[in-house]
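# Descriptive analysis of the structure
Now for the letters of each chain:
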Amino acid sequence: MRLVIDPTRCHGHGTCAELLDEYIRLDKWHYPIIAKQKVSVSHADLLRRAAQLCPELAISVVDD
Amino acid sequence: MIESVSVSIMAPTGPRRLSQGWESAHRPAPSGRVAFVSDLSTRPRLVMPLAEHVAAYGRLPGGLTLGMTLDTLRAANLTGRGGAGFPFWKKLQAVATAESRKSPVVIANGSESEPLSKKDTLLLKNNPHLVLDGISLVAGLLGAKSAYLYVKDREAHSAVNAAMRERRERGITELRVTIVEAPAGYVSGQETAVVRRIAKGPALPQFSMDRIASSGLRGAPTLLSNVETFAHVAMILRFGSEWYRQGGQGGDRGTRLLTIIGAVGRPGVYELSPGASLAEVLRETEAPDPRAVLFGGYFGRWLDLSAPHTAKFPMDDAALAEHRLSFGAGVLGVVGRETCPVVEAAAITEYLAGQSAGQCGPCLHGLPEISTAMARIALSSDVERGMHDLRSVIPLVEHRGGCQHPDGVIQLVRSTVGAFAEEVKLHRSGRCTAQGSHTSMLLPPGASVSAGGAA
Ligand SMILES: Cc1cc2nc3c(=O)[nH]c(=O)nc-3n(C[C@H](O)[C@H](O)[C@H](O)COP(=O)(O)O)c2cc1C
Ligand code: SF4
Ligand code: SF4
């Protein structure tokens, strides 16, 4: 599983970084930097929830 | 289907270059390894009529199979002329083998958003038939149901329209090409922006986890290439891969159209045969006292001519790659003694920062910061801080855009501070080697940016 953010959609609200502090940190403009791309299976639900909560629907969790 | 005539595609005859037969009342036939094709004037050209085109290049080859064509194009090693230099046969193969219920789509990119480039417009205005031949052949091989030509220049647009009318009147039955107007803007030529515009959306890049070869225009497998690339396809499938490899050591050994501008006496579009040396190029373009060359256009890299041996190396793919250079979008920008390459680069950076589509945070916020840092270095206002800011901002921007625009800017900036480290050092002490004013010769006419304009 992999975390992908569409940079053209993301408006830097930062909701994701609050929920997923292990995976995402924010840059100085408050846009997310994926710190850890590979997702452990135990976090799958949390990630899916973050994807749903992103106001711009910029987050995808890709199964591969 | 395309007109079917039996012509051996390996026939080693035919014109030696794309621009063969483009001579007109104002212009002699291009000749030599660095062949002058046209100046940069926008005066309307004589469009080559179909009969003349067929006389010069021959009819479209018939009976091509996909397998045979892939072999020919692979042997030719034709690479894309839109900037990235991707092997064309790989693209064709990817689209042909894409698993999709939708029929493939073919798109010729003639937006020529690189401000200094004139080669695509010139090609479309002089010989639209060659580009249409390429589109027709590729569409036929892929069994495409739709084909598009994306074009910005008005005269090029009408030249293509007239050529298509002529083809219909002469009874050539082929897939009809839809012309779509490309809006202004640097990023409007980026492939996903092209696809989005053709689907009636804005001409802005789109992020996707799929490549357009598997899912492009309305989800269909999409072959998108530069118009010059299509023209070469039309030549290679007529005359063969042996014919195409005209010189040079390795890589793509075909001719290419280059727009050569800046501190040269004869700016214009040239058709370069690989094997010509850089010295030959500088002589033919009448560069009086060249100091550096920006290879590839605004996303390009510099060659500092004061380094030893540089003028000698052959202008071919393989030799350029050894110097980490490439022809990129087909532009060479020559800088002489009048302007400073660092100031030139700062001006280009500011222009490109202004061309961000503003969709992605790192591009929107980061490019202006990179541009400000470059201006500090270029104008000697605070070189220390400029260099420091570049080091801290670049990692926040690189690979974080939805398209390659910010990475292209970073490539230019890195190359500038790398190639001209000595110049940057001089700037620290408030000096500059440029003899002229702090202006730029490499900016598009009408672009107003502060770094290039005001000292
Ligand atoms: C910001 C940006 C602008 C671009 N503008 C153009 C353009 O004006 N014309 C073009 O052919 N390719 C342009 N490209 C490259 C295209 O995305 C694409 O790679 C190219 O058209 C493919 O053709 P080729 O394989 O024949 O090179 C641009 C790329 C970027 C990142
Ligand atoms: S929640 Fe969505 S919009 Fe907000 S920073 Fe994260 S990805 Fe961007
Ligand atoms: S990286 Fe810049 S130019 Fe590319 S899509 Fe994002 S905002 Fe637009």
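All values reported here derive from a predicted model rather than from experimental measurement.

## Some remarks on the overall build of chain A
- Within chain A, the secondary structure is distributed over two helices and four strands.
- At 10 Å, chain A has a C-alpha radius of gyration in line with the 11 Å of a compact globule built from 64 residues.
- Seen along its three principal axes, the alpha-carbon backbone of chain A occupies a region of about 30 × 20 × 15 Å.
- A separation of at least 24 residues holds for 55% of the contacts in chain A among residues at least 6 apart in sequence.

## Description of the interface of chain A and chain B
- At the interface, 14 residues of chain A touch 16 residues of chain B.
- Roughly 1,200 Å² of surface becomes buried between chain A and chain B when both sides are summed, with 67% attributable to carbon and sulfur atoms.
- Area buried by chain A at its contact with chain B is led by Pro7, Thr8 and Trp29 of chain A, which between them contribute 51% of it.
- Counting the contacts that link chain A with chain B gives two salt bridges.
- Inspection of the region where chain A meets chain B yields four residue pairs in polar contact (both at pLDDT 80 or more).
- Those elements that provide at least two residues to the side of chain A that touches chain B are strand E1 (2-5), strand E3 (32-34) and strand E4 (59-62) of chain A.

## Digging into the pattern of salt bridges
- Inspection of every chain in the model, using the stated rule, returns 26 salt bridges over all chains.
- A salt bridge links Glu369 of chain B to Lys28 of chain A; the nearest nitrogen and oxygen atoms lie 2.6 Å apart. On the criterion of chain membership, the pair formed by Glu369 of chain B in helix H13 (residues 361-378) and Lys28 of chain A in the loop between strand E2 (24-26) and E3 is interchain, its members lying in two chains.
- Relative accessible area serves as the criterion here: at 47%, Lys28 of chain A is assigned to the partly exposed category.

## Observations concerning the sheet that holds strand E5 (residues 222-226) of chain B
All names here are of chain B.
- Taking strand neighbours across the sheet as the criterion, the four strands line up as E4-E3-E2-E5 in an open arrangement whose pairing is parallel. The open sheet is flanked by strand E4 (177-181) and E5, the only strands paired with a single partner. In this sheet, neighbouring strand axes are inclined to one another by 20 degrees on average, regardless of whether the strands run parallel or antiparallel.
- The sheet contact formed by strand E2 (residues 105-110) and E5 spans five bridges and is parallel. When the bridges of E5 are listed, Asn109 appears paired with Asn226.
- Each of E2, strand E3 (146-151), E4 and E5 touches helix H5 (residues 128-142); the most contacted strand, E2, lies at about 160 degrees to it.
- Lying on the sheet, helix H8 (residues 227-239) is in contact with E2, E3 and E5; it crosses E5 at an angle near 95 degrees.

## Here we look at helix H15 (residues 405-419) of chain B
- An ideal rise of 1.5 Å per residue puts 21 Å on 15 residues; H15 of chain B measures up with 21 Å between its terminal C-alpha atoms.
- All of the buried residues in H15 of chain B are His405, Pro406, Gly408, Val409, Ile410, Leu412, Val413, Ser415, Thr416 and Val417 of chain B.

## Remarks on the domain arrangement of chain B
All names here are of chain B.
- As assigned here, chain B comprises domain 1 (34-245) and domain 2 (341-453).
- Averaged C-alpha coordinates put domain 1 and domain 2 at centres separated by 33 Å.
- Contact residues are listed per partner, giving 11 residues for domain 1 and 12 residues for domain 2.
- Carbon and sulfur atoms supply 65% of the area that domain 1 and domain 2 bury against each other, a total of about 910 Å² over both sides.
- Applying the counting rule to domain 1 against domain 2 returns zero salt bridges.
- Taken together, domain 1 and domain 2 are joined by four residue pairs in polar contact (both at pLDDT 80 or more).

## Considerations on the site of ligand 2
- Neighbouring residues of ligand 2: 13 residues in total, closest Cys10, His13, Gly14, Cys16 and Cys54 of chain A.
- Its residues placed into classes, the shell around ligand 2 shows seven nonpolar, five polar and one charged.

## Section: the environment of Leu217 of chain B
Residue and element names in this part refer to chain B.
- Its location among the elements puts Leu217 in the loop between helix H7 (191-198) and E5.
- Measuring from C-alpha to C-alpha, the distance between Leu217 and His388 comes to 43 Å, with 171 residues separating the pair along the chain.
- Apart from residues no more than four positions distant in its own chain, Leu217 is found in contact with Val105, Tyr148, Val195, Ile198, Ala199 and Thr222.

## Details of the site of ligand 3
- Around ligand 3, a shell composed of 14 residues is seen, among which Ala357, Gln359, Cys360, Cys363 and Cys403 of chain B lie nearest.
- Split by residue class, the shell around ligand 3 holds seven nonpolar, seven polar and no charged.

## Describing a positive patch on the surface
Residue and element names in this part refer to chain B.
- Residues Arg101, Lys102, Lys200 and Arg218 make up a contiguous surface patch of positive charge.
- Within the fold, Arg101 resides in the loop between helix H3 (88-96) and E2.
- Given the relative accessible area of 89%, Arg101 is considered exposed.

Quick notes on the rules
- Residues numbered from 1 in each chain as written.
- Chains lettered and ligands numbered in written order.
- Predicted model: local features only at pLDDT ≥ 70, side-chain atom pairs only at ≥ 80, totals over all residues.
- Heavy atoms only, no water.
- Helix = DSSP H or I, 4+ residues; strand = E, 2+ residues; numbered from the N terminus.
- Rg over C-alpha atoms; globule rule 2.2 N^0.38 Å.
- Contact = heavy atoms within 4.5 Å.
- Buried area = accessible area lost by both parts, 1.4 Å probe.
- Salt bridge = Lys/Arg side-chain N within 4 Å of Asp/Glu carboxyl O.
- Polar contact = N/O pair within 3.5 Å; in protein donor to acceptor, adjacent residues only side chain to side chain.
- Buried < 20%, exposed > 50% of the residue type's maximum accessible area, 1.4 Å probe, protein only.
- Pairing = 2+ DSSP bridges.
- Axes fitted to C-alpha atoms, helices over the stretch in contact; angles between N-to-C directions.
- Expected span 1.5 Å × (residues − 1).
- Domains from an automatic or database assignment.
- Near = heavy atom within 4 Å.
- Nonpolar A, V, L, I, M, F, W, Y, C, P; charged D, E, K, R; others polar.
- Patch = residues over 30% accessible without salt bridge, like charges linked within 9 Å, V, L, I, M, F, W, Y side chains within 5 Å.
- Areas by Shrake-Rupley, 256 points an atom, 1.4 Å probe, with all protein chains shown as cover.
- Lys, Arg positive; Asp, Glu negative; His and termini not counted.
- Charge placed at Lys NZ, Arg CZ, Asp CG, Glu CD.

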